[in-house]
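Structural overview
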Amino acid sequence: MSGWLEALLLGLVGQSSLLVAGVAVCWFTVPRTIVGLLAGFGAGALLASVSFDLLAETDGLEQWEVVGLMLLGAAVFLGGDAFVERRFGDDGEAGALGIVVGSVVDGVPESVIFGIQVAAGVPISVSFMVAVLVSNFPQAIAPSADLAAGGWGAMRLGRLWAAVVAACGVAALLGYLAADVSSSVTGRGMAALAAGGILAMLTDSLVPFAYQRGGQLAGAATVLGFCLSAL
């Protein structure tokens, strides 16, 4: 298999659980409390991903570079979230779509890293891939359940998540092509960017979403998600 095709497929497969989980809510009713607990679990898994995978990928960058890129990642998320709020209002769909924006800010840099690693011949971290897949399920179920309750059908949800997955596949391909052209291209900057965007999304969207629906048990679900992903 050619390298560019491997990178593209890796980006698509790595984020495919977003599409599967995002559409599944149309056929399986998820109670509000369970949605909150799943969101809390996803928040914990993402925290583990930032702590043990993404920040480890930034090794080699100066501290000021890591800080600057993390702040840029946060700014990208906040800009996307502000656009969603202007388009859909402060409540309802906007809260759920804010988590979708976070999925993009999270998934695209992760996929770029996958593509760069393929081009460099670096084995893909199994723990990183598992953390991505595990965190994607609750990250997609939580907002999709709310959107489905608000009248979104399977086709509309499918198009939304398919667009996110496709963007991640293209990002992996671009990461591969860039690294194939120049050996100076690494995934360090993308890792820092994703880490900042994820942390901003957790505070502004996913954690409040989890607590509103899951109550105090959302905290326990967050710890469980963190621990399982770390393992």
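Residues numbered from 1 in each chain as written. Predicted model: local features only at pLDDT ≥ 70, side-chain atom pairs only at ≥ 80, totals over all residues. Heavy atoms only, no water.

Named according to an unreviewed UniProt entry, the protein is ZIP family zinc transporter originating from Ilumatobacter fluminis.

**Things to note about the overall build of the protein**
Rules: For the purposes of this entry, the term helix denotes a DSSP run of H or I that reaches at least four residues, the term strand denotes a run of E that reaches at least two, and both are numbered from the N terminus. To get the radius of gyration, use the C-alpha atoms; to get the globule rule, take the number of residues to the power 0.38 and multiply by 2.2 Å. Partly exposed describes any residue whose relative accessible area lies between the buried limit of under 20% and the exposed limit of over 50%, with all areas from a 1.4 Å probe on protein chains only and scaled to the type maximum. The contact definition used throughout considers only heavy atoms, calling two residues in contact when any of these lie within 4.5 Å. The charged-residue count follows a simple rule in which Lys and Arg add positive charge and Asp and Glu add negative charge, with His and chain termini not counted at all. For charged residues, the charge sits on one atom: NZ in Lys, CZ in Arg, CG in Asp, CD in Glu.
The secondary structure content of the protein amounts to 8 helices and 0 strands. For 231 residues, the compact-globule estimate of 2.2 N^0.38 gives 17 Å, and the protein sits close to it at 17 Å. Considering only C-alpha atoms, the protein reaches an extent of 50 × 35 × 35 Å along its principal axes. Looking at the protein as a whole, 47% of its 231 residues qualify as buried. For the protein, the share of sequence-separated contacts (at least 6 apart) that also reach a separation of at least 24 residues comes to 87%. Mean positive and mean negative side-chain charge positions of the protein (7 and 16 charges, respectively) differ by 14 Å.

**Side note on the packing of aromatic side chains**
As a reminder, the rule being used: Put simply, two rings from Phe, Tyr or Trp (the six-membered ring, in Trp's case) pair if the centres are within 6.5 Å, and we call them stacked under 30 degrees between planes, edge-to-face over 60, tilted for the rest. Geometrically, a lysine NZ or arginine CZ counts as sitting over a ring once it is within 6 Å of the ring centre and also within 35 degrees of the ring normal.
Tallied over the full model, the rule gives 1 aromatic pair. Sitting above the plane of the Trp152 ring, Arg156 keeps its charged end 3.7 Å from the centroid.

**A short note on the UniProt feature "transmembrane region" (unreviewed entry) in the protein**
The line we're drawing: UniProt positions are given in the numbering used here, feature names are shortened, and annotations may be inferred rather than shown by experiment.
Following the UniProt record, the feature "transmembrane region" (unreviewed entry) maps to residues 7-30, 36-55, 112-134, 160-179 and 191-211 here. End C-alpha atoms of residues 36-55 are separated by 27 Å, and the span's content is 100% helix alongside 0% strand. The span residues 191-211 is 100% helical and 0% strand by assignment, and the distance between its end C-alpha atoms comes to 28 Å.

**Notes on the pattern of salt bridges**
One side chain can pair with another of opposite charge once the charged atoms of both are near each other. Condition: A pair is scored as a salt bridge if a Lys or Arg side-chain nitrogen falls within 4 Å of a carboxyl oxygen belonging to Asp or Glu.
Summed over the entire model, instances satisfying the criterion amount to 1 salt bridge. Asp146 is the salt-bridge partner of Arg213, the closest N and O atoms lying 2.5 Å from each other. Here Asp146 lies in helix H5 (residues 126-149) and Arg213 lies in helix H7 (residues 188-214), a separation of 67 residues in the sequence.

**Here's the deal with the nonpolar core**
Test applied: Side-chain atoms within 4.5 Å are what join buried Ala, Val, Leu, Ile, Met, Phe, Trp, Tyr and Cys residues into a set we call a nonpolar core.
By size, the foremost hydrophobic cluster in this structure holds 44 residues, and its most contacted members are Leu54, Trp161, Leu202 and Leu206. Where this core is concerned, the elements lending two or more residues are helix H1 (3-24), helix H2 (32-57), helix H3 (63-88), helix H4 (93-120), H5, helix H6 (154-181) and H7. Ranked by residue count, the leading element in this core is H7, at 11 residues. Each residue touching Leu202, except ones within four places of it in the same chain, is listed here: Ala43, Leu46, Leu47, Val207 and Pro208. If you look at the next biggest cluster of nonpolar residues, it comprises 7 residues, including Ala7, Leu10, Phe114 and Val118.

**Concerning the environment of Ala220**
Position of Ala220 among the secondary structure elements: in helix H8 (residues 217-230). Placed 176 residues apart in sequence, Ala220 and Gly44 show a C-alpha to C-alpha distance of 9.4 Å.

**So, H4**
Using the following cut-off: Here the expected length of a helix is defined as 1.5 Å per residue gap, with one fewer gap than residues.
Helix length check: H4 (28 residues) gives 41 Å between terminal C-alpha atoms against 40 Å at 1.5 Å per residue, within 8%. With respect to burial, H4 is a largely interior element, 22 of its 28 residues being buried. Once H4 ends, the next one or two residues include Gly121, with phi positive near 75°.

**Quick word on a nonpolar patch on the surface**
The condition is simple: Patch membership requires more than 30% relative accessible area and the absence of a salt bridge. Residues of like charge join within 9 Å; the nonpolar side chains Val, Leu, Ile, Met, Phe, Trp and Tyr join within 5 Å. Under the convention used here, a 1.4 Å probe and the Shrake-Rupley method define accessible areas, while residue burial counts only the protein chains that appear.
Where nonpolar side chains cluster on the molecular surface, the patch consists of Trp4, Val170, Leu174 and Leu177 and spans about 390 Å² of accessible area. Examining the composition of the nonpolar patch, we find that 3 residues originate from one element, H6, more than from any other. Looking at Leu177, the relative accessible area reads 40%, which means it is partly exposed.

**Here we look at the side chain of Asp81**
Relative to the helices and strands, Asp81 is located in helix H3. For the buried Asp81, no salt bridge exists, and the shortest N-O distance to an oppositely charged side chain is 9.9 Å, to Arg86. Aside from chain neighbours lying at most four places away, what touches Asp81 is Gly98, Val101 and Ser205.

**A closer look at the packing of H2 against H8**
Our working rule: Axis lines are fitted through C-alpha atoms, for helices just across the contact stretch, and the angle between N-to-C directions can take any value from 0 to 180 degrees. The labels follow the angle: roughly parallel below 35 degrees, roughly antiparallel above 145, roughly perpendicular from 65 to 115, and oblique for the rest. Left-handed describes a crossing in which the near helix is turned anticlockwise from the far one by less than a right angle; the clockwise case is right-handed. Here the nonpolar group is Ala, Val, Leu, Ile, Met, Phe, Trp, Tyr, Cys and Pro; Asp, Glu, Lys and Arg are the charged ones; every other residue, Gly included, is treated as polar.
Two elements in contact, H2 and H8, have axes separated by 6 Å at closest approach and are oriented at 40°. Judged on the interaxial angle alone, H8 and H2 are oblique. Here the hand of the crossing between H2 and H8 comes out right-handed. Only Leu217, Ala218, Ala221, Thr222, Leu224, Gly225, Phe226, Leu228, Ser229 and Ala230 of H8 make contact with H2, whose side of the interface consists of Gly36, Leu37, Gly40, Phe41, Ala43, Gly44, Ala45, Leu47, Ala48, Ser51 and Phe52. Residue composition of the contact of H2 with H8, grouped by class: 14 nonpolar, 7 polar and no charged.

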